[in-house]
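What follows is the residue order along each chain.
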Amino acid sequence: MNTPSWIRRYWPLWVVIIVAVILWWPGRAMYLDVLTEREAARIAAITPDQGAESTPERLDIERMMDDLTWLAAPERMGRFPGSEGGLAAREFIETQFTELGLLPAGSEGFLHPFTHEGVDNAANVLGMLPGRDPSLRTIVISAHYDHLGVKNGDIYHGADDNASGTAALLEYARYFTENQPNHTLLFAALDSEEHGLLGAHALFNTGHLTPSDIAFNVNVDMLSRDTDQLLFAVGTYHHPWLVPLVRRVQQENEARIVMAHDRPKWKAGHTEDWTMSSDHGAFHRVGIPFIYFGVADHPDYHSPRDTADKVDVEFYRITSEAALSFIKLIDQVLQEKIATH
Ligand SMILES: [Zn+2]
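Calculation notes
Residues numbered from 1 in each chain as written. Predicted model: local features only at pLDDT ≥ 70, side-chain atom pairs only at ≥ 80, totals over all residues. Heavy atoms only, no water. Axes fitted to C-alpha atoms, helices over the stretch in contact; angles between N-to-C directions. Helix = DSSP H or I, 4+ residues; strand = E, 2+ residues; numbered from the N terminus. Parallel < 35°, antiparallel > 145°, perpendicular 65-115°, else oblique. Left-handed = near helix turned anticlockwise from the far one by under 90°. Contact = heavy atoms within 4.5 Å. UniProt positions renumbered as here; feature names shortened; annotations may be inferred. Donors = N, O, S within 2.8 Å, 3.2 Å for Na, K, Ca; no water. Tetrahedral: all angles 85-135°; square planar, octahedral: opposite > 155°, others 65-115°. Buried < 20%, exposed > 50% of the residue type's maximum accessible area, 1.4 Å probe, protein only. Core = buried A, V, L, I, M, F, W, Y, C linked by side-chain atoms within 4.5 Å. Nonpolar A, V, L, I, M, F, W, Y, C, P; charged D, E, K, R; others polar. Polar contact = N/O pair within 3.5 Å; in protein donor to acceptor, adjacent residues only side chain to side chain. Phe/Tyr/Trp six-rings, centres within 6.5 Å; stacked < 30°, edge-to-face > 60°.

For the chain, an unreviewed UniProt entry supplies the name M28 family peptidase and the organism Aliidiomarina halalkaliphila.

Listed below in C-alpha cells is the structure:
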C-alpha cells in the first residue's frame, strides 16, 4: 500500500482531529446538561412566590366557562379540523363574532379556508375590531380552536387545549368592543394548530396577511390549569423589551408569571423551547414580535382526560386577566413607540 505523502506528512494533525471528534460528543452532552441545570436555576430564581394581592375583574368568567364547556362538550367530538364537531365550533365562533359586530376579516366572510395535505375543510375564523387610530398597524390576538378529535374510540375534548384560549379570545373580543383599543385588533381563532400550526402558517403563505402590516401577536393556548399554578410568558428572550411589560402585568395580577421556555439549545440545554410550539411560531417565523401565554404540559395534556370539569376556574380567571392586561399594555406602548419616530 502506498500512503499518499500528504497524509504521512501531517499525521499528528489527523490524530488530533480524530481524538477531538471522539471527545466532542460526550463533552457536548455534558455541556448541555450543565446548561440545562443552569437554566432550571435561572427559572427558579425568577419565579415569583405570588403576584399582586388581587386581580382585576374585567372578564366574565362564568360566560367563559360556559363557552369553554360548550367547546369541550362530548358533542364536539374533540373539534378535529373539518369534522362535524370542528365545524360546529367554527360556526359557534362565527356567530359570536357576528353578534359582537366584528368586521369579517377572512377571505369568505369571517372564514379563511385553507388546504393542506391530510387536513380537509379547515378554516380560520377572523374578526376585526377597528382601533381608534387607523395609522397604527394591527395587533393579532390568536387562539387555536381545533383539537385532536377521536382516537381509538376516545374523545380528546381539549378543554384546556385549547377551548380555554378560544373562550378567552371570545371574551377579549367582548371586552374590547366596549373598550375601544388604539390599534385595530384582529381576533384569530385558528384551525389545525395540532397538525403543525397549519392555520397560522396559512395566514401568511396564502398571502391573506402581510407581515409588515402587523405590529404584534399575542397568542393564548392552555390557560386553565397547572399543577404548579404557574403561567408562562414566552417570547421575552427574542424581544427583551417585553420584560418590563410582563413585570407590570405581574404587579397587578395574582398569577405567578414566569418568563421562560424561549431560549435556544446552546443557551438553555435540554430545557424545552416553546418558540415554535404553538401558533405564535408562525408569526415569529415571518418576523412579527410575539408573546405567548400558556401553562406547562399537565398529566392530562393531549389525553382524553383534558375535560371541562378539570378546569381550575380561579386560576383560569387570573391567567386570562393577565393576558388581557398585557394586550392593553402593548396597545398603549406600541402606539407610543410608533408615534415617536
Ligand atoms: Zn394547543
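So that's the structure; there's more coming.
(A) The packing of helix H3 (residues 61-71) against helix H5 (residues 159-178), seen in detail. Running from N to C, H3 and H5 point in directions that differ by 135 degrees, and their axes come no closer than 8 Å. Taken together, H3 and H5 sit at an angle that is classed as oblique. Crossing of H3 over H5 shows right-handed handedness. Counting all contacts with H3, which are made through Arg63, Met64, Asp67, Leu68 and Leu71, the residues of H5 involved are Ala159, Ala163, Ser164, Thr166, Ala167, Ala168, Leu170, Glu171 and Arg174.

(B) Region of interest: the UniProt feature "domain: Peptidase M28" (unreviewed entry) in the chain. Per the UniProt entry, the sites bearing "domain: Peptidase M28" (unreviewed entry) are residues 124-326 in this numbering. The straight-line gap between the two end C-alpha atoms of residues 124-326 is 24 Å; of that span, 30% is helix and 23% is strand.

(C) Examining the coordination of the zinc ion more closely. Within the protein, the atoms that donate to the zinc ion are His144 (NE2), Asp161 (OD), Asp221 (OD) and Asp221 (OD), at distances of 1.9 to 2.5 Å. Coordination at the zinc ion comes from four donor atoms whose angles at the metal span 53 to 145 degrees, giving a geometry best classed as irregular. Motif for the zinc ion, donor spacing along one chain: H-x16-D-x59-D. Remark: Asp221 occurs in the loop between strand E8 (214-220) and strand E9 (230-234) and His144 occurs in strand E4 (residues 138-144); sequence separation between them is 77 residues. Overall, the relative accessible area of 4% leaves Asp221 in the buried class.

(D) How the structure looks around the nonpolar core. Tyr172, Phe187, Phe216, Phe293, Tyr316 and Phe326 are the most contacted members of the largest nonpolar core, which has 63 residues in total. If one sorts the elements of this core by residue count, helix H10 (residues 313-339) sits on top with eleven residues. Ignoring sequence-local partners within four residues, the contact set of Phe326 consists of Phe216, Val218, Leu242, Leu245, Val246, Val249, Ile291 and Phe293. Formed by 14 residues, the second largest nonpolar core is a distinct cluster that contains Ala105, Leu186, Ile214 and Ala282.

(E) Region of the structure containing the packing of H3 against helix H4 (residues 84-100). Where H3 contacts H4, the two axes come as close as 10 Å, and the packing angle between them is 155 degrees. Our classification of the angle between H3 and H4 gives roughly antiparallel. For the pair H3 and H4, the contacting residues are Asp67, Trp70 and Leu71 in the first and Ala88, Ala89, Phe92 and Gln96 in the second. Residues of the contact of H3 with H4, tallied by class, amount to five nonpolar, one polar and one charged.

(F) Structural view of the environment of Thr184. Positionally, Thr184 belongs in the loop between H5 and strand E7 (185-190). You can call Thr184 buried: its relative accessible area is 13%. Aside from chain neighbours lying at most four places away, what touches Thr184 is Met128, Leu129, Pro130, Gly131, Arg137, Thr138 and Ile139. Looking at Thr184, its side chain comes within polar contact range of the main-chain nitrogen of Gly131, at 3.1 Å.

(G) Fine view of helix H6 (residues 198-205). Most of H6 is tucked away: seven of the eight residues are buried. Residues of H6 that are buried include every one of Leu198, Gly199, Ala200, His201, Ala202, Leu203 and Phe204, and no others. Residues of H6 that are buried sit in contact with strand E2 (111-116), strand E3 (119-129), E7, E8 and helix H9 (280-285). Gly207 lies just past H6 and shows a positive phi near 80 degrees.

(H) Focus on the packing of aromatic side chains. According to the stated counting rule, one finds nine aromatic pairs in the structure shown. On the basis of an interplanar angle of 70 degrees and a centroid distance of 5.1 Å, the ring pair of Trp24 and Trp25 is categorised as edge-to-face. Judged by relative accessible area, Trp24 falls into the partly exposed class, the value being 49%. Ring centres 6.0 Å apart and planes at 55 degrees place the aromatic pair Phe97 and Phe110 in the tilted group. Separated by 13 residues along the polypeptide, Phe97 in helix H4 and Phe110 in the loop between strand E1 (103-104) and E2 bring together distant segments of the chain. According to the relative accessible area criterion, Phe110 is buried, its value standing at 7%.

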